[in-house]
Amino acid sequence: MKILVVGNGAREHAIVHSLAAEPVTVGVTHELHAAPGNPGMGAQARLHAVDPDDGGAVATLATSLGADLVVVGPEAPLVAGVADAVRDAGIPVFGPSAEAARLEGSKAFAKEVMATANVPTAMAHVCTTLDEVAAALDAFGPPFVVKDDGLAAGKGVVVTSDRDAALEHARASLVARGDAGTVVVEEYLDGPEVSLFCLCDGSTVVPLVPAQDFKRVGDDDAGPNTGGMGAYTPLDWAPAGLVGEVVDRIAQPTVDEMARRGTPFSGVLYVGLALTSRGTRVVEFNVRFGDPEIQAVLARLRTPLSGVLLAAAQGGLAQLEPLTWTDDAVVNVVVASQGYPESPRKGDPITGIDAAAALDGVHVLHAGTAVDDGALVSAGGRVLSVVGRGDDLAAARAASYAGVALIDLPGSHHRTDIALKAERGEVAVP
Ligand code: AMP
Ligand code: GLY
């Protein structure tokens, strides 16, 4: 197949990496393209300097390549309607329409769909003034949860017991969007978080294996939220019936409700969950694979990814054979640049990737990298994903961190405790 992957992060590199591995697993070689891609993806795919948010440009590229499938990775192009433009050009595309992408693009819209579909989530107030915010904060009490109602790359949420800080985030969010600003104030959800990616084709739902992300920048969940500092799978501590429960009570009712509205959802519904003392609750929906979780999840998928993505794009998930998975463990540790998430420094030289990737069970995926004068340099906040596998979480952690130790990026930082509590059996549902 000729496959065009849209995006330039480690999520898109993970997709390309899995597609490029198919000759080994099924003997089929694909012609891979990426727009715009990154230097890591360039080893496996042809890169095209096309704006990923420009639907017309992406559709023109896909047409000129004769692409059999376009995979849109990030949320921004989906919300901007890039999948619609490709679909209108008659090319199968993995990713929802702009209408359906509102499940991520607007937290207020997602809450409304969840309410209609009877999906369990945190109670919430949608506020347009600071007075409304103050009243909602006092109604719920601390800890306070305040969310900017728009795309914010995982950084628009403040969870704090400081009422003034909660009000300040609400004020800044309202001001930033002018008259159209809304913020969502929510009930606090206790309990561990889980990410479950559900493939959808408008009617059928096929779940992947669950993973856990580490959103805070520092060890022991210290510091501000980031896009995600690491992830692992499997979650041996999760209740046995979790995936079935999430499909039956959350993903399928949501897909059914979107179809009923005439805006069917296809692509991947990212169900962000909290396993609380009062049951399973949706923290958020996203409309694309989670980064850094998908880097770990795809490493365990045995079924060839191309057929899975094509089935979702073409309405064929009901006919797909059940997915198969390796029974080992995978840990992904993100190497971030100095200053991330507040003010990531760019342009630092990166060395040691080849040595890390030469380790048994380790591969390295690029995110914020660029080539400058022939040398690889940092070009964003999250720079690399170092993915390690092993028979269990302890071995996978050892592999991943051995890789991280070989990589040199001046000023970089990473969490040292990805999957550590799970390895020690210290994660529990309250
Ligand atoms: P979101 O952008 O909605 O995914 O939120 C980012 C992160 O903030 C989540 O992954 C949680 O760690 C935290 N968070 C969001 N909503 C809540 C909530 N209602 N209760 C507790 N933590 C939350
Ligand atoms: N891992 C969090 C996200 O992709 O939003």
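Attention in this report is confined to the structure presented alongside it. Just so it is clear, the model here is predicted, and its values are computed rather than measured. (Residues numbered from 1 in each chain as written. Chains lettered and ligands numbered in written order. Predicted model: local features only at pLDDT ≥ 70, side-chain atom pairs only at ≥ 80, totals over all residues. Heavy atoms only, no water.)

Further remarks concern the packing of helix H8 (residues 130–140) against helix H9 (residues 163–176). Two elements in contact, H8 and H9, have axes separated by 10 Å at closest approach and are oriented at 145°. Judged by the twist between their axes, the crossing of H8 over H9 is right-handed. Within the contact between the two elements, H8 uses Leu130, Val133, Ala134, Leu137 and Asp138 and H9 uses Arg163, Ala166, Leu167, Ala170, Arg171 and Leu174. By residue class, the composition of the contact of H8 with H9 is eight nonpolar, no polar and three charged. (Axes fitted to C-alpha atoms, helices over the stretch in contact; angles between N-to-C directions. Helix = DSSP H or I, 4+ residues; strand = E, 2+ residues; numbered from the N terminus. Left-handed = near helix turned anticlockwise from the far one by under 90°. Contact = heavy atoms within 4.5 Å. Nonpolar A, V, L, I, M, F, W, Y, C, P; charged D, E, K, R; others polar.)

With that settled, the discussion passes to the layout of surface pockets. What the second largest pocket holds in volume is close to 360 Å³. Surrounding the second largest pocket, 20 residues form its lining, Ser18, Ala21, Leu298, Ala299 and Leu301 being those nearest its centre. Among the secondary structure elements, those contributing two or more residues to the lining of the second largest pocket are helix H1 (10–20), helix H2 (22–26), helix H11 (293–300) and strand E19 (362–366). For the lining of the second largest pocket, the per-class residue count stands at nine nonpolar, eight polar and three charged. (1 Å grid on protein atoms, 1.4 Å probe; cavity = no way out; pocket = protein on both sides within 12 Å on 5 of 7 lines; lining within 4 Å. Points joined across faces, edges and corners; volume = space filled by probe spheres on them.)

Here the focus is the nonpolar core. Formed by 76 residues in total, the largest nonpolar core has its most connected members in Val70, Leu103, Tyr232 and Phe285. Ranked by residue count, the leading element in this core is helix H10 (residues 242–260), at seven residues. Residues in contact with Leu103, not counting those within four places in the same chain, are Phe109, Ala110, Val113, Thr254, Met258, Phe265, Leu269, Phe285 and Val287. Counting residues in each nonpolar core, the second largest holds 42 residues, with Ala10, Leu19, Ala311 and Leu317 among its members. (Core = buried A, V, L, I, M, F, W, Y, C linked by side-chain atoms within 4.5 Å. Buried < 20%, exposed > 50% of the residue type's maximum accessible area, 1.4 Å probe, protein only.)

Bringing the site of ligand 1 into the picture now. Near ligand 1 lie 14 residues; those nearest to it are Lys147, Leu189, Glu193, Lys215 and Glu284. Contact distances for ligand 1 include 2.8 Å between a nitrogen atom and a backbone N or O atom of Leu189. A distance of 2.4 Å separates an oxygen atom of ligand 1 from a polar side-chain atom of Glu193. Against a free-state accessible area of 470 Å², the protein chains account for coverage of 93% of ligand 1. For the shell around ligand 1, the class distribution of residues is six nonpolar, one polar and seven charged. (Near = heavy atom within 4 Å. Polar contact = N/O pair within 3.5 Å; in protein donor to acceptor, adjacent residues only side chain to side chain. Areas by Shrake-Rupley, 256 points an atom, 1.4 Å probe, with all protein chains shown as cover.)

What follows is about the sheet that holds strand E5 (residues 93–94). Two modes of strand pairing occur in sheets, parallel and antiparallel, and in both the strands are linked by backbone hydrogen bonds. The strand order across the open sheet formed by five strands is E3-E2-E1-E4-E5, and the pairing between neighbours is parallel. Looking at the sheet topology across the chains shown, the edges are occupied by strand E3 (46–47) and E5. Pairing geometry for strand E4 (residues 69–72) and E5, over two bridges, is parallel. Looking at the pairing, Val71 lines up with Phe94 of E5. The strands that H1 touches are strand E1 (2–7), strand E2 (31–36) and E4; relative to E1, the one it contacts most, it runs at about 165°. Helix H3 (residues 55–65) rests against E1, E2, E3 and E4 of the sheet, and its axis sits at about 160° to E1. (Pairing = 2+ DSSP bridges.)

What follows is about the site of ligand 2. Around ligand 2 sit Asp213, Lys215, Gly227, Tyr270, Asn286, Arg288, Gly290, Asp291, Pro292 and Glu293, and that is every residue in its neighbourhood. Separating a nitrogen atom of ligand 2 from a side-chain N or O atom of Asp213 is a distance of 2.8 Å. Between ligand 2 and Glu293 there is a distance of 2.6 Å, counted from a nitrogen atom to a side-chain nitrogen or oxygen. Compared with its free state, where it exposes 200 Å², ligand 2 has 93% of that area covered by protein.

The next point concerns helix H12 (residues 305–314). The buried fraction of H12 amounts to seven of the 10 residues, a majority that puts the element mostly inside the structure. If you check which residues of H12 are buried, you get Leu305, Ser306, Val308, Leu309, Ala311, Ala312 and Ala313. Positive backbone phi, at 75°, marks Gly315, one or two positions downstream of H12.

Before going further, it helps to examine the environment of Thr129. Here Thr129 shows up in the loop between strand E6 (124–127) and H8. Separated by 147 residues in sequence, Thr129 and Thr276 place their C-alpha atoms 30 Å apart. Here the side chain of Thr129 touches Glu132 through a polar contact of 3.1 Å, landing on its backbone nitrogen.

Attention now moves to the state of the cysteines. One covalent bond between the sulfur atoms of two cysteine residues makes up a disulfide. Under the defined criterion, the tally for this structure stands at zero disulfides. Considering cysteine sulfurs only, Cys200 is the nearest to Cys198, which forms no disulfide, with 6.2 Å between them. (Disulfide = S-S within 2.5 Å.)

What follows concerns the packing of aromatic side chains. Considering all chains together, one arrives at four aromatic pairs under this definition. The interplanar angle of 75° and the centroid separation of 6.0 Å between the aromatic rings of Phe197 and Phe289 together place this pair among those described as edge-to-face. In this pair, Phe197 is assigned in strand E10 (residues 193–201) and Phe289 in the loop between strand E17 (279–286) and H11, connecting sequence segments 92 residues apart. Phe197 gets classed as buried once you look at its relative accessible area, which sits at 0%. On the accessibility criterion, Phe289 (3% relative accessible area) is buried. Each ring, one from Phe214 and one from Tyr232, has its centre 6.0 Å from the other, and the planes form 45°; the classification is tilted. On the criterion of sequence distance, the pair formed by Phe214 in the loop between strand E12 (212–213) and strand E13 (216–218) and Tyr232 in strand E15 (residues 230–233) is long-range, its members being 18 residues apart. We classify Phe214 as buried; its relative accessible area is 11%. Taken together, Phe94, Phe197, Tyr270 and Phe289 form an aromatic cluster joined through their ring pairs. The lysine or arginine in question, Arg102, covers the ring of Phe109, its NZ or CZ lying 4.2 Å from the ring centre. (Phe/Tyr/Trp six-rings, centres within 6.5 Å; stacked < 30°, edge-to-face > 60°. Lys NZ or Arg CZ within 6 Å of the ring centre and 35° of its normal.)

Here we take up H10. With 19 residues, H10 extends 26 Å between its outermost C-alpha atoms, agreeing within 8% with the 27 Å of an ideal straight helix rising 1.5 Å per residue. When the local axis directions of H10 are compared, the greatest deviation, roughly 35°, occurs at Asp248. Residues Leu242, Val246, Val247, Ile250, Ala251, Pro253, Thr254, Val255, Glu257 and Met258 constitute the buried set of H10. Those residues of H10 hidden inside the fold are in contact with helix H6 (102–105), helix H7 (107–116), E10, strand E11 (205–207), strand E16 (266–276) and E17. Following H10 by one or two positions, Gly262 adopts a phi angle in the positive range, close to 80°. (Expected span 1.5 Å × (residues − 1). Bend = angle between axes of the 7 residues up to and from the residue.)

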